[in-house]
Amino acid sequence: MKYIEEFQNPELARRLLDDIHTTATRPWALMEVCGGQTHSIIRHGIDQLLPEQVELIHGPGCPVCVTPLEVIDKALEIASRPGVIFCSFGDMLRVPGSGRDLFQVKSEGADVRVVYSPLDALRIAQQNPDRDVVFFGIGFETTAPPNAMTVYQARKLKIRNFSMLVSHVLVPPAIEAIMTSPDCRVQAFLAAGHVCSVMGISEYPPLADRFKVPIVVTGFEPLDILEGVRRAVRQLERGEHTVENAYPRAVRPEGNPAAQTMLQDVFEVTDRAWRGIGVIPHSGWKLSDRYRDYDAEHRFAVGAITTQEPAACRSGEVLQGLLKPHQCEAFGTTCTPRNPLGATMVSSEGACAAYYLYRRLGTPTSSTTAPRETTPVA
Amino acid sequence: MCLAVPGRVMEIEERDGTRMATVDFGGVVKDVCLEYLPDLAVGDYAIVHVGFALQRLDEESAKRTLALFENLGLLEEEFGDPWQQAAGAPQEAHK
Ligand code: SF4
């Protein structure tokens, strides 16, 4: 497939790796923000091919992982109500709430459906006028425009039996929270390419300035990630801290203006609790007042919910890059993708699941000062 | 779920006043909403996420990026600091 294979070319990966090995003279800690990138890094073994000095810290950018427990519990409660058809992306099914998950709620008789696109949920609402159709609208800035368009269409087409449970999260405030945390070890960021495809890159120069961190907008294929790392390391070695776009084929500086206009109409900024991390000010979007009638939280007055997180789960530390998944005692023993204790073990974008899936059970090998002969990149 | 993948526009039509397309993802074909990229034409590539085209893929930039990778190391040898190279900076031999 065009735009994929060329960016997995092992020969070019070798060149990028050589360059990184030549450039890196000191230890550096880089954070990839996006869970899609974490998945790609572990899957292609990129972390093991990098020089010892270059450490990748996995960031909080898996929307499934950071959706607050309280919102999951609300989703479970709404999904259990008679007459409701609850629609969700597939990877939310096994995310543990305080007691159960959507999968269990479905097996107990609730009508839970997996959709590919939020527009599919809207279609289900049109086909079932006597049912209440609720879509679970989560995700980062990449998923927000599709969800926004769906709510906009629902209002335009006057589809009154449709509503959305919204819990969107935003990348720049998360970067700010990570950088201001006292335990922060991050020296550079690989920013999430597809978030920038939508939002552009204007939010990042102030962060790079304020925290003196290089921020490199990075794509998802192996070559993209290596290029992101290469540019970040080059800046670090030179003592620079600017914003670079290493993913220009999909990211224009201004982003997608049509999507941004829609986002401004449908959503407004709110404080958001990130699962495992806590409340980050101004780090989320909720439906704006204009769309209140389509807000599931408003429509289904869900009472006070007491949430309970399993004590053994250390996903909060994993999400902040303070702990590698295999350092958690439950990892691979009481906690597996089939029986996840925390959300980071559910989605393949979650660091715990990525480590489990690709058998990262021990510490990464430390014999990578020179690039190895074979590369699993292709 | 954050996955957004490149796809090629095959056909475009209006549905319920919404611009929709069928998009080919290397064999898998899906319906995709084009409202955020109304100028997208048949044959164009775009980044698609949960049924929405979010950004056009730019052929020129893709080529430039790949060319940059091809030339990595070569440019350093050509224009790098010869003093530093002579002093034995850990340069690896490049083909
Ligand atoms: S391995 Fe399981 S219990 Fe441990 S941090 Fe990850 S999700 Fe939580």
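Throughout what follows, the structure given in this document is the object of discussion. Only a predicted model underlies this, so the values are computations on that prediction, with no experimental measurement involved.

### Observations regarding the overall build of chain A
Moving on, step 1. Helix and strand content of chain A: 16 helices and 11 strands.
Moving on, step 2. Taken against the 2.2 N^0.38 rule, which gives 21 Å for 378 residues, the C-alpha radius of gyration of chain A at 21 Å falls within 12% of a compact globule.
Moving on, step 3. Within chain A, the proportion of its 378 residues that are buried is 61%.
Moving on, step 4. Restricting to contacts in chain A with at least 6 residues of sequence separation, those with at least 24 account for 78%.
Moving on, step 5. When the accessible surface of chain A is split by element, carbon and sulfur atoms take 49% of a total near 14200 Å².
Moving on, step 6. Within chain A, one finds 38 positive and 43 negative side-chain charges whose respective centroids are separated by 3 Å.

### Structural notes on the sheet that holds strand E9 (residues 243-245) of chain A
Residue and element names in this part refer to chain A.
Moving on, step 1. If you walk across this open sheet you meet the 5 strands as E2-E1-E7-E8-E9, and the pairing is parallel. Only two strands of the sheet have a single partner each, and these edge strands are strand E2 (54-61) and E9. Each neighbouring strand pair of the sheet contributes to a mean axis angle of 25°, computed without reference to strand direction.
Moving on, step 2. As paired strands, strand E1 (residues 28-34) and E2 are joined by 6 bridges and run parallel to one another. Among the inter-strand pairings, Glu32 is bridged to a residue of E2, identified as His58.

### Regarding the environment of Gly228(A)
Residues and elements named next belong to chain A.
Moving on, step 1. Structurally, the position occupied by Gly228 is in helix H12 (residues 222-238).
Moving on, step 2. Judged by its relative accessible area of 0%, Gly228 falls in the buried class.
Moving on, step 3. A C-alpha to C-alpha distance of 15 Å links Gly228 and Thr22, two positions 206 residues apart in sequence.
Moving on, step 4. Filtering out sequence-adjacent residues up to four positions away, Gly228 remains in contact with Leu190, Val216, Thr218 and Ala246.

### Comments concerning the interface of chain B and chain A
Moving on, step 1. Between chain B and chain A, the residue contacts involve 46 residues of the former and 52 residues of the latter.
Moving on, step 2. Of the roughly 4300 Å² buried between chain B and chain A on both sides combined, carbon and sulfur atoms contribute 64%.
Moving on, step 3. Put simply, chain B and chain A have 1 salt bridge between them.
Moving on, step 4. With a shortest N-O distance of 2.5 Å, Glu59(B) and Lys2(A) are connected by a salt bridge.
Moving on, step 5. Joining chain B to chain A, the criterion identifies 14 residue pairs in polar contact (both at pLDDT 80 or more).
Moving on, step 6. For the side of chain B that touches chain A, the secondary-structure elements that each account for two or more residues are strand E1 (5-15), strand E2 (18-25), strand E3 (28-33), strand E4 (45-49), strand E5 (52-56) and helix H1 (59-71) of chain B.

How each quantity is defined
Residues numbered from 1 in each chain as written. Chains lettered and ligands numbered in written order. Predicted model: local features only at pLDDT ≥ 70, side-chain atom pairs only at ≥ 80, totals over all residues. Heavy atoms only, no water. Helix = DSSP H or I, 4+ residues; strand = E, 2+ residues; numbered from the N terminus. Rg over C-alpha atoms; globule rule 2.2 N^0.38 Å. Buried < 20%, exposed > 50% of the residue type's maximum accessible area, 1.4 Å probe, protein only. Contact = heavy atoms within 4.5 Å. Areas by Shrake-Rupley, 256 points an atom, 1.4 Å probe, with all protein chains shown as cover. Lys, Arg positive; Asp, Glu negative; His and termini not counted. Charge placed at Lys NZ, Arg CZ, Asp CG, Glu CD. Pairing = 2+ DSSP bridges. Axes fitted to C-alpha atoms, helices over the stretch in contact; angles between N-to-C directions. Buried area = accessible area lost by both parts, 1.4 Å probe. Salt bridge = Lys/Arg side-chain N within 4 Å of Asp/Glu carboxyl O. Polar contact = N/O pair within 3.5 Å; in protein donor to acceptor, adjacent residues only side chain to side chain.

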